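# Examining the three-dimensional arrangement
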Amino acid sequence: MSFQFKILLFVFSLSHNKQINAQVFPTNPACVWNQAYVENFEEDKYEEILTGARECYVLVDPFHEDFKDNPTKKIASIKDGTRNVVGCYFSSGTCEDWRMDHDAMKEFCVNKRWNDWAGEYFIYDVQSILPHMKLRIDKMAEWGCDYTEFDNMDWCTDDNYRDKYGSSPGQEFPAVEICAKYNVDLCNYSKSKSMRCMAKSSGYTNDANDYAGGDIMDAITFESYESDFNWWSKSHLQGFLDNDKPVVIVHYDAGPNDNKNSCDYIFKKYQDHYDTKKISYICESRELKKYVHYNTPSTECTNSQQRLMIVIKTDKRKWENAFTVKRRNMKNKFKKKVLVGKGKDMKKNAVNKFYACIDLNNYCYRMLITDSEGDGMSAGNGKW
């Protein structure tokens with residue numbers, strides 16, 4: 001296998017953009033990256049987010065192993081010079097038995113485990129668990145999160161869940177309006193900490209039995225499936241569009257591009273269904289076994305930066321190719337990754353282009369190119 005590569009550097013001037021509030025989506029729609037939700041394959045990895053996400057909504061689980069060492073530093077790295085907005089996941093409707101604070105919360109959740117997700121138990125005592133959830137929000141504010149994303153916030157509105165999990169004596173789910181007030185209290189607390197709120201699956205509605213407090217939140221996320229296209233009541237989403245609030249759809253298990261369950265097909269179907277382009281969309285591809293990102297911003301750089309483009313031509317064994325561009329730090333070490341290309345990110349028998357904005361006036365950069373089979377490099381050692 002052999003491949004060709006070129007490095008093209010373009011320098012050009014642009015007018016400065018006005019400073020944008022980091023807590024608002026940089027564009028609407030925006031690109032979306034997702035480290036928090038795993039459905040069938042794998043989440044977006046932290047290192048991939050650092051090199052790939054620009055002007056995006058990036059959802060992370062700040063309590064995850066990837067962030068536990070230094071969440072403040074890692075979230076700052078996602079945002080540094082990228083105009084990314086970071087949403088931080090927490091489940092407002094369940095206790096999760098793998099969380100460090102589970103022992104302090106578990107007495108406020110039902111004993112019967114949720115069958116859909118191992119290790120999760122629905123909340124029944126919202127007043128007692130509220131201070132513990134606020135402690136999580138305190139941490140997320142300290143770590144630099146822009147949004148708090150309310151997973152499972154609509155648990156009380158589901159009659160099946162109420163019958164199956166929330167009807168045991170002494171562990172009954174609260175009334176729907178009490179659960180909604182609990183979510184509203186948590187959102188208002190997030191806002192008091194200079195963070196915005198991302199609703200999950202529940203937004204605008206005139207049905208009191210279907211209301212979870214979503215309409216007071218600043219954006220909303222829905223999860224979509226092959227057999228459940230637009231499963232929610234349309235008003236829940238439409239209200240956010242009508243009020244010019246961001247809408248995120250995460251679609252799972254999409255098929256290849258030649259069928260009617262492809263990522264592209266479903267995206268256009270949602271745009272047509274709501275007659276809008278203002279849908280921020282991310283799609284899990286069954287073929288690639290990873291997320292595919294949409295609404296990717298232009299590759300324009302500021303007038304203090306230069307545009308780096310790396311072009312790799314592949315044959316049918318694309319997985320052999322990889323490269324990494326790193327920036328040198330003050331200790332003369334090449335540490336910070338600014339651009340990464342892996343075989344799984346490339347198309348077969350194609351010219352693959354990768355872009356980054358770099359600053360040659362203030363930094364030095366190094367690129368490492370690898371060929372795992374060692375048959376396409378001079379000297380045959382498989383590495384330059």
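Definitions and cut-offs
- Residues numbered from 1 in each chain as written.
- Predicted model: local features only at pLDDT ≥ 70, side-chain atom pairs only at ≥ 80, totals over all residues.
- Heavy atoms only, no water.
- Pairing = 2+ DSSP bridges.
- Helix = DSSP H or I, 4+ residues; strand = E, 2+ residues; numbered from the N terminus.
- Axes fitted to C-alpha atoms, helices over the stretch in contact; angles between N-to-C directions.
- Salt bridge = Lys/Arg side-chain N within 4 Å of Asp/Glu carboxyl O.
- Buried < 20%, exposed > 50% of the residue type's maximum accessible area, 1.4 Å probe, protein only.
- Phe/Tyr/Trp six-rings, centres within 6.5 Å; stacked < 30°, edge-to-face > 60°.
- Lys NZ or Arg CZ within 6 Å of the ring centre and 35° of its normal.
- Polar contact = N/O pair within 3.5 Å; in protein donor to acceptor, adjacent residues only side chain to side chain.
- Contact = heavy atoms within 4.5 Å.
- Disulfide = S-S within 2.5 Å.
- Lys, Arg positive; Asp, Glu negative; His and termini not counted.
- Parallel < 35°, antiparallel > 145°, perpendicular 65-115°, else oblique.
- Left-handed = near helix turned anticlockwise from the far one by under 90°.
- Nonpolar A, V, L, I, M, F, W, Y, C, P; charged D, E, K, R; others polar.

## Side note on the sheet that holds strand β15 (residues 334–342)
Across the sheet, three strands lie side by side as β15-β14-β17; this open sheet has antiparallel pairing. Looking at strand neighbours, the two that pair on one side only are β15 and β17 (365–371), the edges of this open sheet. If you compare each strand with its neighbour and ignore which way they point, the axes differ by 20° on average.

## Looking at the sheet that holds strand β8 (residues 196–200)
The mixed open sheet is built from nine strands, whose spatial order is β2-β3-β4-β7-β8-β9-β10-β11-β12. Taken across any chain shown, the strands that pair with only one partner, and hence form the sheet edges, are β2 (31–34) and β12 (290–293). Geometrically, the sheet is characterised by an average inter-axis angle of 25° between neighbouring strands, direction not taken into account. Of the strand pairs in this sheet, strand β9 (residues 219–224) and strand β10 (residues 247–254) are connected by five bridges, and their pairing is parallel.

## Quick notes on the pattern of salt bridges
One pass over the full model with this rule turns up 18 salt bridges. As a salt-bridge pair, arginine 136 and aspartate 101 come within 2.8 Å of each other at their nearest N and O atoms. One end of the pair, arginine 136, is in helix α4 (residues 126–143); the other, aspartate 101, is in the loop between β5 (94–96) and α3 (102–105), and 35 residues separate them in sequence. Look at arginine 136 and you get buried, because its relative accessible area is 4%. Accessibility expressed as a relative area gives 25% for aspartate 101, which makes it partly exposed. Among the salt bridges present, the one from lysine 278 reaches aspartate 244, with a minimum N-O distance of 3.1 Å. Placement of the pair is lysine 278 in the loop between α8 (263–274) and β11 (280–285) and aspartate 244 in the loop between α7 (234–242) and β10, with a sequence separation of 34 residues. Connected through salt bridges with shared partners, the residues Asp61, Glu96 and Arg99 form a single ionic network.

## A few points about the packing of aromatic side chains
For the structure shown, the criterion picks out 23 aromatic pairs. Seen in terms of ring centroids, phenylalanine 25 and tyrosine 147 are 5.6 Å apart; in terms of plane orientation they differ by 70°. Their pairing is edge-to-face. With phenylalanine 25 in the loop between β1 (4–10) and β2 and tyrosine 147 in strand β7 (residues 147–151), this pair connects stretches of sequence that are 122 residues apart. Since its relative accessible area comes to 2%, tyrosine 147 is described here as buried. Pairwise contacts between aromatic rings join Trp114, Phe122, Tyr161, Tyr165 and Phe173 into one cluster. The ring of phenylalanine 229 has lysine 269 sitting right over it, with the charged end atom 4.4 Å from the ring centre. Arginine 327 extends its terminal NZ or CZ atom over the ring of tyrosine 363, reaching a point 4.0 Å from the ring centre.

## Here we look at the side chain of glutamate 96
The residue glutamate 96 is located in strand β5 in this model. Given a relative accessible area of 1%, glutamate 96 falls into the buried group. One polar contact links glutamate 96 to tyrosine 89, side chain to side chain, over a distance of 2.9 Å. Among the polar contacts listed, one links the side chain of glutamate 96 to the side chain of arginine 99, at a separation of 2.9 Å. Residues in contact with glutamate 96, not counting those within four places in the same chain, are Tyr89, Ser91, His102, Gly119, Glu120 and Arg136.

## Remarks on the state of the cysteines
In a disulfide, the sulfur atoms of two cysteines are held together by a covalent bond. Tallied over the full model, the rule gives six disulfides. Two residues, cysteine 187 and cysteine 197, share a disulfide whose sulfurs are 2.2 Å apart. The sign of the 110° torsion about the S-S bond sets the cysteine 187-cysteine 197 disulfide as right-handed. With a gap of 10 residues between them, cysteine 187 in helix α6 (residues 176–192) and cysteine 197 in strand β8 connect regions that are remote in the sequence. Sulfur-sulfur distance for the disulfide between cysteine 263 and cysteine 283 comes to 2.1 Å. Given an S-S torsion of about -80°, the disulfide between cysteine 263 and cysteine 283 has left-handed geometry. In this pair, cysteine 263 is assigned in helix α8 and cysteine 283 in strand β11, connecting sequence segments 20 residues apart. The class of cysteine 263 is buried, set by a relative accessible area of 5%.

## A short note on the side chain of aspartate 44
When you line up the elements, aspartate 44 lands in the loop between β2 and α1 (46–52). One buried charge, aspartate 44, has no salt-bridge partner; the nearest side chain with opposite charge is lysine 290, at 6.4 Å. A distance of 2.8 Å separates a polar atom in the side chain of aspartate 44 from the backbone nitrogen of asparagine 34. Leave out the neighbours within four places in its chain, and aspartate 44 touches Trp33, Asn34, Gln35, Ile49, Ile282, Tyr291 and His293.

## Here we look at the packing of α4 against α6
Packed helices, taken two at a time, are described by the angle between their axes plus the distance between the axes. Relative to each other, α4 and α6 sit at 25°, their axes nearing to 10 Å. Judged on the interaxial angle alone, α6 and α4 are roughly parallel. When you trace α4 past α6, the crossing you get is right-handed. Along the contact surface, α4 presents Val126, Ile129, Leu130, Met133, Lys134, Ile137 and Asp138, while α6 presents Ile178, Tyr182, Asp185, Leu186, Tyr189 and Ser190. In the contact of α4 with α6, the residues fall into nine nonpolar, one polar and three charged.

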